[in-house]
Amino acid sequence: MPSSRKDSSETKYRKRSRSSSSSNSDSDAGSRRLRLGRSKLSEVERLAEIERQRAAHNARIMRQKEQEQKIVEEETVKRIEEMVAQRVAEELEKRKDEIEAEVLRRVEEAKQIMERQMLEELERRRKERLEEENRREEEERRKREELERIVEENNKKIEEAQRKLAEERLAMVEQSRKMEEDRQRMQREHEKRMRDEQYLILGKKNARPKLSFSLSKQ
């Protein structure tokens, strides 16, 4: 019986020892995994920082290269412009007489063109002035003819009126003459009748003195 209790105690102790060892092993494994995870995280951050620094360095190098390229391009353009200007100056100096002659030729040509245009303009204005004078003369002639026509018509009307007035006057004179002739004729007839009557009276009565009657002109 004591031996059985002792074996049982030993068995329990061994079980507890194994359980404690297993717990310790699990704790160590977790710590190692945590440390490993932290180590991996630090490595990623370090690599990211290195990549950022490399990118910044590359960007600085790129900007520096761009600036250098820009300076090189500006210098190249400046040198090209200077070379072109120098070449143009040299060509101009070589062709100075030719250029001056060409300039004089063009100036003379422009002068001739301007003179021709001026003459054409003067001719155009002269024609316009002549046409205007002709038009004005034609208008004046038309007005003068119209006025002459009106005057002629008025003269005809006046002549016709004068003719009618003369005819009327002549008719009146003729009428007056006829009236005067009729009056004189009537007077003569009256006088003759009176004389006849007087003669008749005298012939019947010789003792009576001879009477004479006359009518005055009215």
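Residues numbered from 1 in each chain as written. Predicted model: local features only at pLDDT ≥ 70, side-chain atom pairs only at ≥ 80, totals over all residues. Heavy atoms only, no water.

Caption draft 1: Up close: the overall build of the chain. Counting its secondary structure elements, the chain contains 2 helices and 0 strands. For the chain, the residues scored as buried account for 2% of the 218 residues in total. With an accessible surface of roughly 20,600 Å², the chain has 54% of that area assigned to carbon and sulfur atoms. (Helix = DSSP H or I, 4+ residues; strand = E, 2+ residues; numbered from the N terminus. Buried < 20%, exposed > 50% of the residue type's maximum accessible area, 1.4 Å probe, protein only. Areas by Shrake-Rupley, 256 points an atom, 1.4 Å probe, with all protein chains shown as cover.)

Caption draft 2: Structural detail: a negative patch on the surface. On the surface, a cluster of negative charge is contributed by Glu 73, Glu 74, Glu 75, Glu 81 and Glu 82. Along the chain, Glu 74 turns up in helix α1 (residues 2-94). A relative accessible area of 48% means that Glu 74 is categorised as partly exposed. (Patch = residues over 30% accessible without salt bridge, like charges linked within 9 Å, V, L, I, M, F, W, Y side chains within 5 Å. Salt bridge = Lys/Arg side-chain N within 4 Å of Asp/Glu carboxyl O. Lys, Arg positive; Asp, Glu negative; His and termini not counted. Charge placed at Lys NZ, Arg CZ, Asp CG, Glu CD.)

Caption draft 3: Broad picture of a nonpolar patch on the surface. A cluster of nonpolar side chains, Ile 80, Val 84, Val 88, Leu 92, Ile 99, Val 103 and Val 107, forms an exposed patch at the surface whose accessible area comes to about 560 Å². Of all the elements in the fold, those that place two or more residues in the nonpolar patch are α1 and α2 (96-204). It is α1 that provides the largest number of residues to the nonpolar patch, a total of 4 residues. Mapped onto the elements of the fold, Val 107 is located in helix α2. In this structure Val 107 comes out as exposed when scored by relative accessible area, which is 51%.

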